[in-house]
Amino acid sequence: MLKLKRKAIIISSVVAAFLLFSTLACVQQRSKGSGKNKSKQAVSSSEKQTSDSLLTANQKSGTDTLGTGEGRTSQPLTPADSLNKNISADSTAADTISNPDDLQNVVEYTSEDSTIMDAVLKQVHLYGNAEVNYGTINLKANYIRLNWVTNEVYAIGTYDSTSKKMVGDPIFQDGPETYNTKEIRYNFKSQKALIQGIVTQEGDGNIRGEKVKKDAEGNFYIRHSMYTTCNLTHPHYFINAPKIKMVNKKQVISGPFNLVISDVPLPIALPFGFFPFPKKKESGTSGIIFPTYGEEPNGRGFYLREGGYYFAISEYVNAIVTGQIYSTGSWGLGVASTYIRRYQYSGNFALRFNKNKPSDEVDRLLGRGVTNDFSVVWSHAPKPRGNSQFSANVNVSSNSYNQLQEFNTNRYISNVASSSVQYNRTFGQYARAAASLRVNQNFGQKATNADTARRVGGKTNVSTDFSFGINQIAPFALKGGRGKWYESFRLGLDFSGNYALTNSLTAIDTSFSRLGFQISNTVDTSRVGIAKVVPFNLNNLPDMLKDAQFTGRYSLPISLPNFKVLRFVNVTPSLSLQGEVFTKQYNYSVDSLTNRVRIDTLNQAGTEYSYNFGAGVNTRFYGTFFIGGKRLEAIRHTVIPSLSFTYTPDFTGDAFGFYQKVSVRNRKDEIQDYSLSRFRGIGTGVGNGRASSVISFSLNNSFEMKLKSKSDTAATQFEKISLLDNLSVGGSYNLLADSLNLSNITVNANARVGRNLNLNFNMNLDPYAYEANPRVLSNQVGTKVNRYAITQGQGLAKLQNLGFTLGTSFSPKGSDKTKTPPVNGADPNAEIKQEQREYIEQNPELYVDFNVPWNLSLNYNFGLSKPGLSKATLIQAVQATGDLSLSKNFKVSVSTGFDFTAFSPTITQLTLYRDLHCWDMSFSWTPFAGSAARVSNYNFTLKVKSALLQDLKVTRRRSFYDRSAY
């Protein structure tokens, strides 16, 4: 019996020792290795534990019962079996029944300082840069407590006695969203959280609050909150609200709130607020656009303008629908869209329509003065890709749209607009094709009626072009060639077509004095030589189609081998063949009784061609004038004379069929023969098809000086500076012309004086004399006669026009705006940054560059036009533009000028820009509007930078389109 008792005591002691050792091992485990070892375990329990006594005790005592300062530790969370805690796990068994209380992801945790496991309270305490990961959730803090009974995690920072502040505050990350907090308690199962002190970035803004509750749907309920787009710790401004709700990363809904600027609360409060968050990839959020309000005293009265709705269709395209309404009954609608396809294309489109009604009540009742304005703007910029390219730059508007609807001064004063849509494609190495649609507009001049002062006489030209071509090839050197002279022979093909439509209708001058004979077709002689401008609309489309013309052209570009004569003279032979395709022909018949010519139009296609050949000779020689001064060593004069000859045979013969000969009696009752074009009719600019032999000449000159280098250590001993880049004189002489053989003489010059002064000069001289028309009493041009001006005592030649421009610019060294930093290919945002640079280059007026300290540009323009014997017309003005950065964030820009002809200032603008960190301030003043119908104006704006709060601004303006102050 004693032996049995002894055995039982020994066995009981061994079992008790084993259980005690196992319990102690579960209470305290420590890894002595220096590496990082993450533990992964699912935790599930229905028991609750809400006491923070252990954390409080540890913080008060400041001691670690298991030691500190060792390497990073990592411990697994062992599952608790509520049914049988003593049954060991069977690694071969699989449990096919899942517990609904189990977590859906693995919990991973690490710490740098120490890890303490409390088996009694079922808690894990992590100290020192602790981190917990659960699915997409990441939590970092100086202290984290895990509780596998309640499935909760609690995190808080620790007090640093050295800096005397809390350090290691919790950073909670849920997917891509990050929240900076002071204290957080989060439940893994319910996905609810209780947070003390939160700061989170949402789009352009950030939200700060004292107490926050998070529900399972991702909504945040924040008390004592601040919403701002200022990223400073102490923001310049914020929206103060007692309660706000952040709805699942979509928007913020606020209760009563007011604006606080520089810690000064504004007395005006709103009952609620709504702030949407931009979607991913900046696709934006659909929402209402609030209109601007004011008064327009020049006719349309009070207004609500640019209000509407923004549609965030996708990350590639959006749309804005806006409208405006005025108290006099005028209204307008507009739609604008921006689209982008990465690596392929980007662009924007805008369509606007305005119906304007007069301010006068009588005119409104009678329906007078009602006008319709429209504008279509489309810009499409493709990325170079493949063998085809489509681009568009459309800016089409009605005649008075810019004058009545545009707020930008530059667009308001603009009198012309050009639009084009183009498509190009290459086929292999040699073939190419292109098509385009072009619209050119001239909005005319202001009417003399001071009440309206609207532009009249606007002209619109619409043309469509297409072309097909074969690049020049060398048929004798298709396999590379061996340097033979004939291998440089090249041949190509070009074909192009054009159809033009215009609202400027011009009648053909069919008078006897011009043609030498009379025609029997009825012609409105009142419109001879007068362009009739009709409104460009559907009602006038039949008349415009009558004047519309289709022209097709083809040519064979031929390059012949060139050679040298006497080693210094270059000889270049030339040969060309070109033709035109027409869709109609003309037939001429003579009535022998009335001696008149009848013109019939035949809808029959035909072609007319011509060819010419010739040669050109040019050389180059130099003249050097040695000065031998202190720095000036010499001046070199370069002369490039050139002479060319071109012969075109006569194509009026019957063998070609391009011209029809008619015989009519002239005033002397003599039979006279005329060659009339079957394809070109008898309109203005019709060629006669006769042979021509033209000699063209030009003389180009350039001057440069040779200076000694200032520094003895310079890489080169001398440097060259251009004095005159080019001075050229040119003209031509037709040996076979029956009169006026010599063409006008043109003189052109351009030079860069010093480093900053640019000079451009052009002049046109007519060598023939003019005779006055005694029937013209006012300012007349006269008639050019076949006698040289020098023989008639009218000087060597008559000046037709002269132009002179002089410009310079100044800026400090190292402030070249054209230089852009290189794009780093390793930067993940490199493509986005490049797209932003391209957008800024396309819209420079939307951005202010504070990096340039100052710059100044001066331009002087002089123009003189004097056709024939008429009086000279002068244009003379000076223009100055510049800006100055008064400080790092304060810039002043000025644009002004003076018109010496009108003896009045040109449009003058003074603009101040101030960067207030999260705010922008600008003040623009136009003291001289450049028109008696306008007055000086100003515009002051103080607004938040963020587009999210773009309506949070203060604006005071009197615009240039207003005729009186308010």
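Trainee: Got a minute to help me understand the overall build of the protein chain in this structure?
Mentor: Along the protein chain, the regular secondary structure elements total 8 helices and 61 strands. Taken over 966 residues, the protein chain has a buried fraction of 31%. At a minimum sequence separation of 6, the contacts of the protein chain that also span at least 24 residues come to 53%. Carbon and sulfur atoms make up 57% of the accessible area of the protein chain, which totals about 58300 Å².

Trainee: What am I meant to see in the environment of Phe-923 here?
Mentor: By the secondary structure assignment, Phe-923 is in strand S59 (residues 919-928). Given the relative accessible area of 25%, Phe-923 is considered partly exposed. The spacing of Phe-923 and Leu-910 is 13 residues in sequence and 8.0 Å in space, taken between C-alpha atoms.

Trainee: Help me understand the pattern of salt bridges, please; the structure alone is not making it clear to me.
Mentor: For side chains bearing opposite charge, pairing can occur when the charged atoms are close. The tally for this structure, following the rule as stated, stands at 13 salt bridges. The shortest N-O distance in the salt bridge between Arg-432 and Asp-494 comes to 2.4 Å. In this pair, Arg-432 sits in strand S28 (residues 431-442) while Asp-494 sits in strand S32 (residues 490-502), placing the two residues 62 residues apart along the sequence. With relative accessibility at 30%, the residue Arg-432 sits in the partly exposed group. Lys-784 is the salt-bridge partner of Asp-766, the closest N and O atoms lying 3.0 Å from each other. Taken together, the residues Asp-766 in strand S50 (residues 757-766) and Lys-784 in strand S52 (residues 783-788) connect sequence positions 18 residues apart. Taking relative accessible area as the criterion, Asp-766 reaches 1% and is therefore assigned buried. Lys-784 sits in the partly exposed class, given a relative accessible area of 32%. A single salt-bridge network, built from bridges that share partners, covers Arg-553, Glu-580, Glu-608 and Arg-680.

Trainee: Looking at this structure, how should I read the nonpolar core?
Mentor: One broad rule of soluble globular proteins: the nonpolar side chains tend to lie buried together. By size, the foremost hydrophobic cluster in this structure holds 43 residues, and its most contacted members are Val-132, Ile-144, Leu-146 and Phe-220. Contacts of Val-132, omitting those with residues within four sequence positions, involve Val-107, Glu-108, Tyr-109, Leu-126, Ile-137, Asn-138, Leu-139, Ile-144, Leu-146 and Phe-188. Counting 12 residues, the second-largest nonpolar core is a separate cluster that includes Ile-519, Val-597, Ile-599 and Ile-682.

Trainee: Please explain a nonpolar patch on the surface as it appears in this structure.
Mentor: A cluster of nonpolar residues, Ile-288, Phe-290, Tyr-309, Phe-311, Ile-313, Val-321, Val-335, Phe-349 and Leu-351, forms a patch on the protein surface that exposes about 800 Å² of accessible area. Take Val-335: it is sitting in strand S23 (residues 331-341).

Trainee: Help me out: how do you make sense of the pairing of strand S5 (residues 137-147) in this one?
Mentor: Residues in a regular strand point their side chains to alternate faces of the sheet. Among the 11 residues in S5, 10 count as buried, and that is most of the element. Relative to S5, strand S4 (residues 123-134) is paired through 10 bridges, and the arrangement is antiparallel. Considered in S5, the bridge of Tyr-127 is made with Tyr-143. Taking the residues between adjacent antiparallel strands as the criterion, S4 and S5 are bridged by 2 residues, where Gly-135 takes a positive phi near 65°. Sheet analysis places S5 next to strand S9 (residues 171-174), joined by 4 bridges and oriented antiparallel. Residue pairing across strands places Lys-140 opposite Ile-171, the latter belonging to S9. Note: S5 against strand S6 (residues 152-156), 5 bridges, orientation antiparallel. Opposite Asn-147, over in S6, you have Glu-152 as the bridge partner. As consecutive antiparallel partners, S5 and S6 are separated by 4 residues, and within that stretch Asn-151 has a phi angle of approximately 60°, a positive value.

Trainee: Got a minute to help me understand a positive patch on the surface in this structure?
Mentor: A cluster of like positive charges, contributed by Lys-211, Lys-213, Arg-223 and Lys-243, occupies part of the molecular surface. Mapped onto the secondary structure, Lys-243 falls in strand S14 (residues 237-247). With a relative accessible area of 55%, Lys-243 lands in the exposed category.

Trainee: Honestly, the sheet that holds strand S40 (residues 585-591) in this entry has me stumped. Any pointers?
Mentor: The pairing of strands in a sheet happens through backbone hydrogen bonds and is either parallel or antiparallel. Strand order in the open sheet made by the 3 strands is S34-S41-S40, with mixed pairing throughout. One side of each edge strand has no neighbouring strand; the edge strands of this open sheet are strand S34 (518-519) and S40. Examined bridge by bridge, S34 and strand S41 (residues 596-602) share 2 bridges and lie parallel to one another. Bridging across to S41, Gln-518 finds its partner in Arg-596.

Trainee: Can you walk me through the confidence of the model for the protein chain in this structure?
Mentor: Close reading of the predicted structure is inappropriate where its pLDDT is low. Looking at the protein chain as a whole, its pLDDT mean stands at 78, while 77% of the residues score no less than 70. Across the protein chain, the secondary-structure element scoring lowest on mean pLDDT is strand S1 (residues 39-41), at 37, and the one scoring highest is S6, at 94. Predicted confidence is poor over residues 22-98, with pLDDT under 50, and the contacts of this stretch with residues over four places away or in other chains come to 105 contacts. Predicted confidence is poor over residues 955-966, with pLDDT under 50, and the contacts of this stretch with residues over four places away or in other chains come to 46 contacts.

Trainee: Honestly, the environment of Asp-650 in this entry has me stumped. Any pointers?
Mentor: Tracing the sequence through the fold places Asp-650 in the loop between strand S44 (632-648) and strand S45 (659-665). Taking C-alpha positions, Asp-650 is 4.1 Å from Ala-691, a pair spaced 41 residues apart along the chain. Once residues within four sequence positions are removed from consideration, Asp-650 is found in contact with Phe-656, Gly-689, Arg-690 and Ala-691. Within the structure, Asp-650 has its side chain in polar contact with the side chain of Thr-652 (distance 2.7 Å).

Trainee: Explain unusual backbone geometry here, please?
Mentor: The phi angle of most residues is negative, glycine excepted, and most peptide bonds adopt the trans form. Of note, Gln-191 is a non-glycine position whose phi angle comes to about 60°, a positive value. With respect to the helices and strands, Gln-191 occurs in the loop between strand S10 (177-187) and strand S11 (193-202). The phi dihedral of Leu-740 is positive, around 50°, even though this residue is not glycine. Among the residues examined, Leu-740 registers a relative accessible area of 36% and is labelled partly exposed.

Trainee: Just to check I follow, could you spell out the state of the cysteines for this structure?
Mentor: What we call a disulfide is simply a covalent bond connecting the sulfur atoms of a pair of cysteines. In the structure shown here, the tally under the stated rule is 0 disulfides. In this model Cys-230 remains outside any disulfide bridge; the closest cysteine sulfur is found in Cys-918, 3.6 Å from its own. A relative accessible area of 4% means that Cys-918 is categorised as buried.

Trainee: Whenever I open this one, the packing of aromatic side chains confuses me. Can you help?
Mentor: The description of an aromatic ring pair uses the distance of the two centres, along with the angle that the planes make with each other. For the coordinates displayed, the defined rule picks out 27 aromatic pairs. On the basis of an interplanar angle of 55° and a centroid distance of 5.7 Å, the ring pair of Trp-331 and Phe-353 is categorised as tilted. A residue pair is termed long-range when its members are at least 10 positions apart, and Trp-331 in strand S23 and Phe-353 in strand S24 (residues 345-356) qualify at 22 residues. Under the relative-accessibility criterion, Trp-331 is labelled partly exposed at 33%. By way of ring pairs, the aromatic residues Tyr-134, Phe-172, Tyr-179, Tyr-186, Phe-188 and Phe-220 are connected into one cluster. Across from the ring centre of Tyr-303, 3.7 Å away, lies the NZ or CZ of Arg-305, which sits over that ring. Stacked on the ring of Tyr-316, the Lys or Arg Arg-341 has its end atom at 4.7 Å from the ring centre.

Trainee: How do you make sense of the environment of Ile-144 when you look at a structure like this?
Mentor: Locating Ile-144 in the fold gives a position in strand S5. Owing to a relative accessible area of 0%, Ile-144 belongs among the buried residues under this scheme. As for Ile-144 and Gly-157, which are separated by 13 residues in sequence, their C-alpha atoms are 8.8 Å apart.

Trainee: What's the story with the side chain of Ser-398 in this structure? I'm lost.
Mentor: Inspection of the secondary structure assignment puts Ser-398 in the loop between strand S26 (388-397) and helix H4 (401-405). A polar side-chain atom of Ser-398 sits 3.0 Å from a polar atom in the side chain of Asp-373. Apart from residues no more than four positions distant in its own chain, Ser-398 is found in contact with Asn-372, Asp-373, Phe-374 and Phe-443.

Trainee: Please clarify how the side chain of Glu-131 should be interpreted in this entry.
Mentor: One can find Glu-131 in strand S4. At 2.8 Å, the side chain of Glu-131 forms a polar contact with the side chain of Asn-138. Those residues in contact with Glu-131 that sit more than four places away from it in its chain are Glu-108, Tyr-109, Thr-110, Leu-126, Asn-138, Leu-139, Lys-140 and Ile-144.

Parameters at a glance
- Residues numbered from 1 in each chain as written.
- Predicted model: local features only at pLDDT ≥ 70, side-chain atom pairs only at ≥ 80, totals over all residues.
- Heavy atoms only, no water.
- Helix = DSSP H or I, 4+ residues; strand = E, 2+ residues; numbered from the N terminus.
- Buried < 20%, exposed > 50% of the residue type's maximum accessible area, 1.4 Å probe, protein only.
- Contact = heavy atoms within 4.5 Å.
- Areas by Shrake-Rupley, 256 points an atom, 1.4 Å probe, with all protein chains shown as cover.
- Salt bridge = Lys/Arg side-chain N within 4 Å of Asp/Glu carboxyl O.
- Core = buried A, V, L, I, M, F, W, Y, C linked by side-chain atoms within 4.5 Å.
- Patch = residues over 30% accessible without salt bridge, like charges linked within 9 Å, V, L, I, M, F, W, Y side chains within 5 Å.
- Pairing = 2+ DSSP bridges.
- Lys, Arg positive; Asp, Glu negative; His and termini not counted.
- Charge placed at Lys NZ, Arg CZ, Asp CG, Glu CD.
- pLDDT = per-residue confidence, 0-100.
- Polar contact = N/O pair within 3.5 Å; in protein donor to acceptor, adjacent residues only side chain to side chain.
- Disulfide = S-S within 2.5 Å.
- Phe/Tyr/Trp six-rings, centres within 6.5 Å; stacked < 30°, edge-to-face > 60°.
- Lys NZ or Arg CZ within 6 Å of the ring centre and 35° of its normal.

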